[in-house]
Amino acid sequence: MGIIPVKTPTIVKKILPDFVWEFSTSEKVLYLTFDDGPTPKVTQWTLNTLKQFDAKATFFCIGNNIQKHPDIFQNILNEGHRIGNHSNTHLKGWNTSVDKYVLDVNEAQKFITSELKKSDTRSQALNESPLFRPPYGRIKPNQGKALKALGYTVVTWSILSFDWEKETSPETCYNNVISKSKPGSVIVFHDSVKASKNLMQALPKVLTYFSKKGYAFKTLPI
Ligand SMILES: [Zn+2]
């Protein structure tokens, strides 16, 4: 069964370059992603929870947080999850020049690469193409093109849990995910303090719901 990345539709492609949104597949697979870590306690809780369900995921980490918490970053690697770049300082692309944006992303990639070199479990990830997710989803077309030219694959998402929003209840967060997910969906949660209340209630329920339906949770296949 083929798993094909669904890229930006042609009509939008004129504005945005090729970003990966979701995957087209008939396989019962979901791609959980966690942004903004590594965060003390929250990331470790996430790792423990995923393990209970034999679930793998992709963590889009902030370079500054990797620098502050390299031990937690290594734990992500040791559990066999995939890493993506979420910039060094969580920049808003719309307010930032292309050069500054690319520098910030490359800076984060330096920390990722140096940590991957230390990891026995995931050192082979050095050969995988680097993934980048724009903070806030706010990236200018020229920034996307510049990153693509440097070999990054820009990954957005198909499902937002809205776990970071104060007004969102854990129940709504859970429903946001289960009502819209389908085989190949790319789902966004946050392993951040801000999102932790919703995350810690909704994630185990999402994992339970889809495990019962026969779904597997895997790292991004690109
Ligand atoms: Zn973020």
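Everything numeric in this text was worked out from a predicted model, so none of it was measured.

### Examining the nonpolar core
Membership of the largest hydrophobic core comes to 34 residues, with the highest contact counts inside it found for Leu 32, Phe 34, Leu 50, Phe 59, Ile 83, Phe 189 and Phe 210. Elements represented by at least two residues in this core include exactly strand E3 (29–35), helix H2 (42–52), strand E4 (58–61), helix H4 (70–78), helix H5 (98–118), helix H7 (170–180), strand E9 (186–190) and helix H8 (196–212). With six residues, H8 is the largest single contributor of residues to this core. With residues up to four places along the chain from it excluded, the contact list for Phe 189 reads Leu 32, Thr 33, Phe 34, Asp 35, Ser 161, Asp 163, Cys 173, Val 177, Leu 199, Ala 202, Leu 203 and Val 206.

### Notes on the coordination of the zinc ion
In this structure, Asp 36 (OD), His 86 (NE2) and His 90 (NE2) serve as the protein donors to the zinc ion, at separations of 2.0 to 2.1 Å. For the zinc ion, the donor residues sit on a single chain with the sequence spacing D-x49-H-x3-H. Taken together, the residues Asp 36 in the loop between E3 and H2 and His 90 in the loop between strand E5 (82–85) and H5 connect sequence positions 54 residues apart. For the pair formed by Asp 36 and His 90, the shared burial category is buried.

### Section: the packing of aromatic side chains
This structure, assessed with the given rule, holds eight aromatic pairs. Plain terms: the ring middles of Tyr 209 and Phe 210 are 4.9 Å apart, the flat faces sit at 85° to each other, and that makes the pair edge-to-face. Taken together, Tyr 174, Tyr 209, Phe 210 and Tyr 215 form an aromatic cluster joined through their ring pairs. Between the NZ or CZ atom of Lys 92 and the centre of the ring of Tyr 136, over which it lies, the distance is 4.6 Å. Sitting over the face of the ring of Tyr 174, Lys 205 holds its NZ or CZ atom 4.4 Å from the ring centroid.

### Some remarks on the pairing of E3
In terms of burial, E3 is largely enclosed, as seven of its seven residues are buried. Across the two faces of E3 the burial is the same, with Val 29, Tyr 31, Thr 33 and Asp 35 and Leu 30, Leu 32 and Phe 34 all buried. The sheet contact formed by E3 and strand E10 (residues 216–217) spans two bridges and is parallel. Residue pairing in the sheet places Leu 30 in a bridge with Phe 217 of E10. Pairing analysis gives five bridges linking E3 to E9, with the strands arranged parallel. Within E9, the position partnered with Thr 33 by the bridge is Val 188. In this structure, E3 lies alongside E4, joined through three bridges in parallel fashion. Looking at the pairing, Thr 33 lines up with Thr 58 of E4. For the crossover from E3 across H2 to E4, the handedness is right-handed.

### Some words on the UniProt feature "domain: NodB homology" (unreviewed entry) in the protein chain
Taking the numbering used here, the UniProt-annotated feature "domain: NodB homology" (unreviewed entry) corresponds to residues 28–218. Structurally, residues 28–218 is divided into 44% helix and 15% strand, and its ends, taken at the C-alpha atoms, are 10 Å apart.

### Points about the environment of Val 105
Structurally, the position occupied by Val 105 is in helix H5. The sequence separation of Val 105 and His 90 amounts to 15 residues, and the corresponding C-alpha distance is 9.2 Å.

### Describing the pattern of salt bridges
One pass over the structure, following the stated rule, counts seven salt bridges. With its nearest N and O atoms 3.6 Å apart, the salt bridge here joins Glu 79 to Lys 51. With Glu 79 in the loop between H4 and E5 and Lys 51 in helix H2, this pair connects stretches of sequence that are 28 residues apart. Note on Glu 79: relative accessible area 21%, which makes it partly exposed. On the accessibility criterion, Lys 51 (55% relative accessible area) is exposed.

### Description of unusual backbone geometry
Look at the link from Gly 37 to Pro 38: it is a cis peptide, with omega at -5°. When you line up the elements, Pro 38 lands in the loop between E3 and H2. Of note, the phi angle at Ser 87 is positive, near 75°, even though the residue is not glycine. A relative accessible area of 0% means that Ser 87 is categorised as buried. Of note, the phi angle at His 90 is positive, near 55°, even though the residue is not glycine.

Definitions and cut-offs
- Residues numbered from 1 in each chain as written.
- Predicted model: local features only at pLDDT ≥ 70, side-chain atom pairs only at ≥ 80, totals over all residues.
- Heavy atoms only, no water.
- Core = buried A, V, L, I, M, F, W, Y, C linked by side-chain atoms within 4.5 Å.
- Buried < 20%, exposed > 50% of the residue type's maximum accessible area, 1.4 Å probe, protein only.
- Helix = DSSP H or I, 4+ residues; strand = E, 2+ residues; numbered from the N terminus.
- Contact = heavy atoms within 4.5 Å.
- Donors = N, O, S within 2.8 Å, 3.2 Å for Na, K, Ca; no water.
- Phe/Tyr/Trp six-rings, centres within 6.5 Å; stacked < 30°, edge-to-face > 60°.
- Lys NZ or Arg CZ within 6 Å of the ring centre and 35° of its normal.
- Pairing = 2+ DSSP bridges.
- Right-handed = clockwise from strand over helix to strand, strands pointing away.
- UniProt positions renumbered as here; feature names shortened; annotations may be inferred.
- Salt bridge = Lys/Arg side-chain N within 4 Å of Asp/Glu carboxyl O.

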